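Remarks on the overall topology
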Amino acid sequence: MLRYILHKLLLFVPTLIGITICAFAFVRLLPGDPILAMAGEHGVTPERYELLKEQFGFNLPIWQQYLRYVGEILQGNFGISISTKRPVIDEFMVLFPATIELSIVAMILAVVLGIPAGVFAAAKRGSWPDQLIMGTALVGYSMPIFWWGLLLIIFFSGFLGWTPVSGRIGLQYFFQPITGFMLIDTLLYGKTDAFVSALKHMILPAVVLGTIPLAVIARQTRSAMLEVLGEDYIRTARAKGLGSSRVIGVHALRNALIPVVTTIGLQVGVL
């Protein structure tokens, strides 16, 4: 386990370098001039254009621009937003708690549903419930989440009207964030109706984001459980007269949790 974690940490550095190269290259390859975009509809004089070009380093060779770009990132300077004229890091910190909150809720949903589904499928190996659960997991794993999200919005929000289409909370609620987590902040302010509104806004995004992790966890749990259920000590426990629920829920699941926990950790990293 430790070796696996160290291996992943060592891969993090080249992955991060690759991400910076791709981000830098895409911005440079996209059509348009960033200086003219910053100037907006009022335009900019040729003298002002050259001054801004020198200020932002666009007059430097491309490799020097990349090194400057990486250096600014390492110092925590992500630049200024063209649309809001505010530091990008400030914009990021406003929205980042929403991402973390959604990821946590999605993973809780995936774990709470995925592990029991995998255990039940392993206990009913070869039966129609097993085939139904694994077939559903395969579909969930293969389905593009953007398409899945649109389907859920059309059906539950558009057709049934059960859930909101977008946003984090109803427009009638406004309060200064404390933690940045909408579900927690509504409870801290003691606004139960606002909490219900935030929860309704959270349901569909959490289901969409948690679909693939749920499918992976269910399949891995079933695989680990089947491997453990074939061990000698499980057959011995059954021969001693222990009930199936105790054998599966205590002895088998306890020993199958290691690969399952590893899978959950990987899915957290993916989210």
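Everything in this summary refers to the structure shown in the same document. What you see is a predicted model, and the numbers here were worked out from it, not measured in a lab.

We now examine the pattern of salt bridges. Tallied over the entire structure, the rule returns 3 salt bridges. As a salt-bridge pair, glutamate 101 and arginine 168 come within 2.8 Å of each other at their nearest N and O atoms. Of the two residues, glutamate 101 sits in helix α5 (residues 88–123) while arginine 168 sits in the loop between α7 (145–159) and α8 (182–188), which places them 67 residues apart along the sequence. Judged by relative accessible area, which is 28%, arginine 168 ranks as partly exposed. Here arginine 222 and aspartate 130 are joined by a salt bridge, their closest N and O atoms 2.8 Å apart. Of this pair, arginine 222 sits in helix α9 (residues 192–229) while aspartate 130 sits in helix α6 (residues 128–142), and the two are 92 residues apart along the sequence.

The terminal C-alpha atoms of α6, which comprises 15 residues, lie 21 Å apart, in line with the 21 Å expected from a rise of 1.5 Å per residue. Within the span of α6, buried status applies to Pro129, Asp130, Ile133, Met134, Ala137 and Gly140. All buried residues of α6 fall inside an arc of 120 degrees around its axis, so they share one side. Structural note: α6 exposes Trp128, Gln131, Leu132 and Ser142 on the side pointing more than 90 degrees away from its buried face. Where α6 is buried, its residues touch α5 and α9.

Among the structural elements, threonine 211 can be located in helix α9. Residue classification places threonine 211 among the buried positions, given a relative accessible area of 14%. A distance of 2.6 Å separates a polar side-chain atom of threonine 211 from the backbone oxygen of valine 207.

Below, the discussion takes up the side chain of threonine 20. Position of threonine 20 among the secondary structure elements: in helix α1 (residues 2–29). If we skip the residues at most four places from it in the chain, threonine 20 touches Tyr66 and Tyr69.

Cut-offs applied
Residues numbered from 1 in each chain as written. Predicted model: local features only at pLDDT ≥ 70, side-chain atom pairs only at ≥ 80, totals over all residues. Heavy atoms only, no water. Salt bridge = Lys/Arg side-chain N within 4 Å of Asp/Glu carboxyl O. Helix = DSSP H or I, 4+ residues; strand = E, 2+ residues; numbered from the N terminus. Buried < 20%, exposed > 50% of the residue type's maximum accessible area, 1.4 Å probe, protein only. Expected span 1.5 Å × (residues − 1). Arc of directions from axis to C-beta. Contact = heavy atoms within 4.5 Å. Polar contact = N/O pair within 3.5 Å; in protein donor to acceptor, adjacent residues only side chain to side chain.

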